[in-house]
Amino acid sequence: MRRLPVPCNTRLSRCVLLVTSFSAVFVINNYFTYHIQFQNTVHNFHETPLYFESDVGFQKRLQLQDNIKFGGKIKKLVSDVFCHREGLNEPFLDSLPLIRNVTKDFQPQSCKSKTYPKFKERISVVINYRNEVLSLLLRSVYTVINSIPRENFQELILIDDGSDLTKFADLEVVPSLVETFLVPVRYIRFSESKGLIVRRRLGCELAKGDVILVLDSHVEVQEGFVEPLLDELAKDYRTLASPVLDFWDTYDMRYWSYDVIFTVDSYLSWTNHKIRHNNKTYPSATVLGGAFVVTKKFFQEIDYYGRGMQGWGGDNIEIGLKVWYCNGRVVIVPCSRVLHFAARRHPFSHGNRPMAPYVVYNYDIIMESYFTEEDNAEYHKEFKTAGLPGRTDVVEVAKHNRELLKLLNCTKNYRYGLQYS
């Protein structure tokens, strides 16, 4: 293996020797075994114990933080090998503290003076992941638990959808780490990947809280993000409320915000329309899907979402359609923000088969379930999807969905939601 052209200095020389002595694969799988501690100079992580961990867990977290930072140094030296998990800048992400005080964001200034009552509802947080960057996964878990008032926290449901622990051995630490939390955690690991939709639906079915909060595994939240969402659910239990997702590309160091209204047409093309920044909640045909809250009661009534779907894709459209159909409402709440770390590709697929056929499969379920025969005919003509493998399954799932809509007296159609967009 050729030596890497890294400047030699006292602090990093040992690291360079380590990297050049072992193969890149060995480094990927074993960088957490090195127990060199780097001085923490960029944040007050060591002085900020969190209420949800025992003393033992806090010490584990300190050691893990140091190991992550050291791993980031190694990753930077072999950057041609890393950064391939999700197309994320792993060395940079590992260098960030897991808990940060973010003083600047896209939240409208008028939101900062708003106050909310104390809520009684208990929240179940559902996060599922596969081959996630460890520091990002922990950032998602730590910040959401730290941001929800203790009296409102029901449980964290953390689902590993068949991560490859041979290739990404750092994720082996997750189950032992969550055991130290002082809040209830249900950690579930599957040896086989079934895709984001299947595992997320399972987490929602298992949830015991009054409210379900669904989150991606590569986000960061701050205190105060959940109260504006609960405030919307208090107005009508048949509400699906989404925060605004602010994106961060850690390669180009670009931030952008999705303060937009989403619309969906009869070809299932979804577009967004920019709105003016203010603190008013607004209706939308659908949401991005990376973060939303919904009452357990309403979600259970409408059979959750994504029944029969596979892999990843289309679930956010289906959930918007179903909520509007069943006399609910979909809203986006600008006073609630979630920072989403933008990946350049998605880790969820279905087995070793390409993603695209499953997106088409999922879209077929949506068309057969929620649209008219005329819309269906036009859609299949446009995209030439009639007769795809799995059509029998599509028909069976769609039949179940249509019967459910009839049973629940869900008489609206997709245009009903669009009139509010």
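The present account deals with the structure reproduced in this document. Just so we're clear, the structure is a prediction, and the values are computed from it rather than from any experiment.

Of the regular secondary structure elements, the protein chain holds 14 helices and 12 strands. Within the protein chain, the proportion of its 421 residues that are buried is 56%. Within the structure as shown, the protein chain displays about 18,900 Å² of accessible surface, and the carbon and sulfur contribution to it stands at 52%.

Turning our attention to the pattern of salt bridges. Overall, the coordinates contain 15 salt bridges when judged by the stated rule. Glu 220 is the partner of Arg 139 in a salt bridge, and the nearest nitrogen-oxygen pair spans 3.0 Å. A residue pair is termed long-range when its members are at least 10 positions apart, and Arg 139 in helix α5 (residues 134-147) and Glu 220 in strand β5 (residues 219-220) qualify at 81 residues. Pair check on accessibility: Arg 139 and Glu 220 agree, each one buried.

All chains considered together, the criterion is met by 2 cavities of 30 Å³ or more. Looking at the largest cavity, the residues that line it are Ser 242, Pro 243, Val 244, Leu 245, Tyr 258, Phe 262, Val 287, Leu 288 and Ile 332. In terms of residue count, strand β6 (residues 239-249) provides more of the lining of the largest cavity than any other element does, 4 residues in total.

Quick look at the state of the cysteines now. All chains considered together, the criterion is met by 2 disulfides. Residue pairing for Cys 111: its cysteine sulfur links by disulfide to Cys 335, the two sulfurs lying 2.0 Å apart. The chirality of the disulfide connecting Cys 111 with Cys 335 is left-handed, given an S-S dihedral of about -80°. Pair noted here: Cys 111 is in the loop between α4 (90-95) and β1 (123-129) and Cys 335 is in strand β12 (residues 329-341), with a separation of 224 residues, a long-range link. Its relative accessible area of 4% is what places Cys 335 among the buried residues. Note on cysteine connectivity: Cys 326 is disulfide-linked to Cys 410, with sulfurs 2.1 Å apart. Taking the sign of the S-S torsion, 105° for the link of Cys 326 and Cys 410, the bridge is right-handed. Note that Cys 326 is positioned in the loop between α10 (315-325) and β12 and Cys 410 in the loop between α13 (391-407) and α14 (414-418), a separation of 84 residues in sequence. In this structure Cys 326 comes out as buried when scored by relative accessible area, which is 6%. Listing the disulfide partners of the protein chain by sequence rank of the bonded cysteines yields 1-3, 2-4.

Most of strand β4 (residues 211-215) is tucked away, with 5 of its 5 residues classed as buried. Burial along β4 is two-sided: Val 211, Leu 213 and Leu 215 facing one way and Ile 212 and Val 214 facing the other are all buried. With 5 bridges joining them, β1 and β4 adopt parallel strand pairing. Across the sheet, residue Val 125 finds its bridge partner in β4, namely Leu 213.

Moving on, we come to unusual backbone geometry. Most peptide bonds are trans, and most residues other than glycine sit at a negative phi. Positive phi, close to 65°, is recorded for Asn 327, a residue that is not glycine. Note on placement: Asn 327 falls in the loop between α10 and β12. Residue class for Asn 327 comes out partly exposed when judged on its relative accessible area of 26%. At Asn 409, a position not held by glycine, the phi torsion is positive, near 60°.

With that out of the way, let us pick up the packing of aromatic side chains. The geometry of an aromatic ring pair is captured by two quantities: the separation of the ring centres and the angle between the planes. Overall, the coordinates contain 10 aromatic pairs when judged by the stated rule. Measuring from centroid to centroid gives 5.9 Å for Tyr 142 and Phe 181, while their planes differ by 50°, and the two rings are tilted. Here Phe 181 lies in the loop between α6 (174-178) and β3 (185-190) and Tyr 142 lies in helix α5, a separation of 39 residues in the sequence. Both residues of the pair, Tyr 142 and Phe 181, belong to the buried class. One aromatic cluster is present, built from ring pairs that chain together Phe 92, Trp 248, Tyr 255 and Phe 341. One cation-aromatic arrangement involves Arg 199 over Phe 190; the distance from NZ or CZ to the ring centre is 3.7 Å.

Cut-offs used in this document
- Residues numbered from 1 in each chain as written.
- Predicted model: local features only at pLDDT ≥ 70, side-chain atom pairs only at ≥ 80, totals over all residues.
- Heavy atoms only, no water.
- Helix = DSSP H or I, 4+ residues; strand = E, 2+ residues; numbered from the N terminus.
- Buried < 20%, exposed > 50% of the residue type's maximum accessible area, 1.4 Å probe, protein only.
- Areas by Shrake-Rupley, 256 points an atom, 1.4 Å probe, with all protein chains shown as cover.
- Salt bridge = Lys/Arg side-chain N within 4 Å of Asp/Glu carboxyl O.
- 1 Å grid on protein atoms, 1.4 Å probe; cavity = no way out; pocket = protein on both sides within 12 Å on 5 of 7 lines; lining within 4 Å.
- Points joined across faces, edges and corners; volume = space filled by probe spheres on them.
- Disulfide = S-S within 2.5 Å.
- Pairing = 2+ DSSP bridges.
- Phe/Tyr/Trp six-rings, centres within 6.5 Å; stacked < 30°, edge-to-face > 60°.
- Lys NZ or Arg CZ within 6 Å of the ring centre and 35° of its normal.

In short, geometric facts, not functional conclusions.
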